[in-house]
Amino acid sequence: MADQAKTGFGGMSRLTLRFADAPAEASYQAFIAGSRQLQMRLALLSVGVLYCMLAGLDRVFMPGVVRHASSVMHLAQGIWLCLFAFSLFRSRSQRLHESVVIGAVFVAWCLNLALSSMGHTGLLFGESYLMLIWVWMISGLTLIQAAAVNLVFIALFEAVVIAASPFTIPQMVSHQFFVFCAVVLGALGAYLTEYYRRQHYVGLQQVSAHATALAKLSQAVEQSGEAILITDSQAVIEYANPTFTRLTGSQPEEVIGMIPAVLERDAGNPFSSREMWVTLARGEVWSGMFTEHKRDGSAYPALISVAPIHDGAGNVTHYVVTQKDMTEHQRLEGQLRHAQKMEAIGTLVGGIAHDFNNTLAGITGNIYLAKHGRGVSGETVELLERIESLAFRSANIVKQLLAFSRKGIIQMQEMPLDPFMAEVAKLYAVTLPENIAFLCELGTQEAMTIRGDAGQLEQAIFNLLNNARDAVAGARDPRITLGLERTVPSEKFREANPTVQGEALACIRVSDNGCGIGPEQMAHIFEPFY
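Residues numbered from 1 in each chain as written. Predicted model: local features only at pLDDT ≥ 70, side-chain atom pairs only at ≥ 80, totals over all residues. Heavy atoms only, no water.

Quick look at the overall build of the protein
As a reminder of what qualifies: Helix and strand definitions here come from DSSP, where helices need a minimum of 4 consecutive H or I residues and strands a minimum of 2 consecutive E residues; each element is numbered from the N-terminal end. Here's how the labels work: a residue is buried when its accessible area is under 20% of the maximum for its type, exposed when over 50%, partly exposed in between, all with a 1.4 Å probe on protein chains only. Residues count as neighbours in contact if any of their non-hydrogen atoms are within 4.5 Å of one another. All accessible-area figures derive from a Shrake-Rupley calculation using a 1.4 Å probe, and residue coverage is judged against the displayed protein chains alone.
Helix and strand content of the protein: 16 helices and ten strands. Within the span of the protein, comprising 530 residues, buried residues form 32% of the whole. Counted over contacts in the protein with a minimum sequence separation of 6, partners at least 24 positions apart contribute 61%. Entry remark: accessible area of the protein is about 32,300 Å², with carbon and sulfur atoms responsible for 61%.

As structure tokens, then:
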């Protein structure tokens, strides 16, 4: 409140009518620069035309002593003022415009002084009164400039009045009164003109700001990622944004004039509810989850919100219905639940694996002692070695379980892939039944090196080969192929896997001629306990 009282008129100085904010004042000056320049040119042109007309009147009404001189001076004034006005039409310099106008005023006053010295002092006063008002209200000068020009004129006027001593006291008082009236009326007119001009500018700025905000709001609604419907107070659709079309497939002209399902006041309507209307009656926003249908009949989960719009009296004039497709949200929610389930299973597995690992350590230790005991036959040693192999294999399974529960140690290291794959193929070949053909396509033109955990990669390949072995169990000519090749990923692959780096990748391929994987099982192939 104190700041408003100090600046006055909503941010303008009461004395100089200047905005307190410097950027606002600069913006205003730039805004009116063109109109001020036009006003100055028209002022010079109009006064020039008046002087030319006055030159003709001088020959009729002026006394013979100064008739010719007055007519010539007024005609000369009119001509050069018109020339100055036309020359300024090509200039955009504010300083030049102001200089020409101020110069024209002083030249006019000097000519009047010259005429008054010829014995017709009334010309000085008559034209000077009008020139004072012209400077204030019509010239286009700022208030400060007009005030400075008027002060100079008053000084000259007083000097002339004093020099023209033949004036009587009543005449001098009369001239002083007319000068005072001209100054006051001109200043008041200029003050009010500038005040209302600035008020008009402030109003235009406010309208422009409101228009900008409205355009921004309109663009926000148009480009919103959620479908938006605006209805009247009777729930009849008046507007639908482009997202509504993209989401539902329905064009705006197809739904405008209809009532959205969520706002239908029907007891059998599964969308509408008493709770919703009670919430809206309180002026609050209501929201709920529903299954919506697109134009083609396909269904999708949607989060729908309804908000009332009130007028100044508090009456509901419109409703805004927003609709968000929750398909992706539900998918992510399902992934989160699955991750939480896997985390719980992993925690359980981790606890069991440690205990099982301790048991296996005791078993393998006793097997070692039994193998190296006295009097152990070769057949017994062979059986103990088989048990030991199974124990180590179980320990490897425990290691896999610990890795799954994120409690095992993963040893990431650089390793050449070609000899690694050859060793894996050699180890697995001896475990396959003789009726299954095992083909290896591991020939690559250049060596490939990867960074990974050898144990986990080996186990993953073994799992794929075991699945292939199970798949070809019923085949007439069972065949499993293990392949390794260098590949360059496509753009589609990189878009689907943005974390993949490198220009080339190693592709490990396991194929078979078995029964394959059913589509109902394809979605579960990466689940560890499926």
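Additional details are given in the paragraphs that follow.
Here's the deal with the pairing of strand E9 (residues 479–487)
Spelled out, the test is: Whether two strands pair comes down to DSSP finding at least two bridges between them.
Note that strand E7 (residues 437–441) and E9 share five bridges and pair parallel. Considered in E9, the bridge of Phe-438 is made with Ile-480. Pairing of E9 with strand E10 (residues 505–512), which is carried by eight bridges, proceeds in the antiparallel orientation. Across the sheet, Arg-486 pairs through a bridge with Ala-506, a residue of E10.

Brief notes about unusual backbone geometry
Positive phi outside glycine occurs at Ala-235, with the angle close to 70°. With respect to the helices, strands and loops of the structure, Ala-235 is situated in the loop between strand E1 (227–232) and strand E2 (237–240).

Focus: the sheet that holds strand E4 (residues 299–310)
For the record, the criterion: Angles run from 0 to 180 degrees between N-to-C directions of axes, and those axes are lines fitted to C-alpha atoms, restricted for helices to the stretch in contact.
Read across the sheet, five strands follow the order E2-E1-E5-E4-E3 without closing on themselves; strand pairing throughout is antiparallel. Each having just a single partner strand, E2 and strand E3 (286–293) make up the two edges of the open sheet. Neighbouring strand axes in the sheet, compared pairwise and without regard to direction, differ in orientation by 25° on average. The sheet contact formed by E1 and E2 spans three bridges and is antiparallel. Looking at the pairing, Leu-229 lines up with Ala-240 of E2. Sitting on the sheet, helix H10 (residues 274–281) touches E3, E4 and strand E5 (316–325), and the angle it makes with E3 is about 135°.

Observations regarding the packing of aromatic side chains
To be explicit about the condition: We call Phe, Tyr and Trp rings a pair once their centres come within 6.5 Å, taking the six-membered ring for Trp, and we label the pair stacked below 30 degrees between planes, edge-to-face above 60, and tilted otherwise.
All chains considered together, the criterion is met by eleven aromatic pairs. Seen in terms of ring centroids, Trp-286 and Phe-290 are 5.9 Å apart; in terms of plane orientation they differ by 35°. Their pairing is tilted. In this structure, Trp-286 and Phe-290 share a single accessibility class: buried. Ring pairs connect the aromatic residues Phe-19, Tyr-28, Phe-31 and Tyr-201, which therefore count as one cluster.

Examining the environment of Leu-42
As for its placement among the helices and strands, Leu-42 is situated in helix H2 (residues 22–61). Overall, Leu-42 belongs to the partly exposed group, its relative accessible area being 45%. Considering only alpha carbons, one finds Leu-42 and Ile-138, 96 residues apart in sequence, at a separation of 8.9 Å.

Description of the layout of surface pockets
The line we're drawing: Every definition here rests on a 1 Å grid over the protein atoms only: cavities are sets of points where a 1.4 Å probe fits but cannot get out, pockets are open sets enclosed by protein on both sides within 12 Å along at least five of seven lines, and lining residues have some atom within 4 Å of a point. Grid points are joined across faces, edges and corners, and a volume is the space filled by probe spheres set on the points. Under this grouping Gly is polar, as are all residues other than the nonpolar Ala, Val, Leu, Ile, Met, Phe, Trp, Tyr, Cys and Pro and the charged Asp, Glu, Lys and Arg.
Space inside the second largest pocket adds up to approximately 480 Å³. Together, 16 residues line the second largest pocket, and Arg-393, Asn-396, Gln-459, Phe-462 and Asn-466 are the ones closest to its centre. Sorting the residues of the lining of the second largest pocket by element identifies helix H12 (378–404), helix H13 (417–429) and helix H14 (454–471) as the ones contributing at least two each. Take the lining of the second largest pocket: its biggest share by element is eight residues, from H14. For the lining of the second largest pocket, the per-class residue count stands at four nonpolar, eight polar and four charged.

Regarding the nonpolar core
The test is simple: Put simply, a nonpolar core is a bunch of buried Ala, Val, Leu, Ile, Met, Phe, Trp, Tyr and Cys residues held in one set by side-chain atoms that sit within 4.5 Å of each other.
With 36 residues, the main nonpolar core has Leu-44, Val-105, Trp-109, Met-131, Leu-132, Trp-134 and Val-135 as its most contacted residues. Broken down by secondary-structure element, the contributors of at least two residues to this core are H2, helix H3 (67–88), helix H4 (94–116), helix H5 (122–137), helix H6 (143–163) and helix H7 (169–222). The leading source of residues in this core is H2, at seven residues. Here Val-135 is in contact with Val-105, Leu-141, Ala-146, Val-149 and Asn-150, once residues within four sequence places are set aside. With 21 residues, the next largest nonpolar core counts Leu-263, Trp-277, Leu-280 and Ala-302 among its residues.

With respect to the packing of H13 against H14
A pair of packed helices is characterised by two quantities: the angle between their axes and the separation of those axes. Definition in use: Angle categories: roughly parallel below 35 degrees, roughly antiparallel above 145, roughly perpendicular from 65 to 115, and oblique for all the rest. Each helix crossing is assigned a hand: it is left-handed if the near helix lies turned anticlockwise from the far helix by less than a right angle, otherwise right-handed if that turn is clockwise.
Interaxial distance between H13 and H14 falls to 11 Å at its minimum, and their mutual angle equals 45°. For the element pair H13 / H14, the angle class is oblique. The element H13 and its partner H14 pack so that their crossing is right-handed. Here Leu-417, Phe-420, Met-421, Val-424, Leu-427 and Tyr-428 of H13 lie close against H14, whose contacting residues are Ala-454, Leu-457, Glu-458, Ile-461, Phe-462, Leu-465, Asn-466 and Arg-469.

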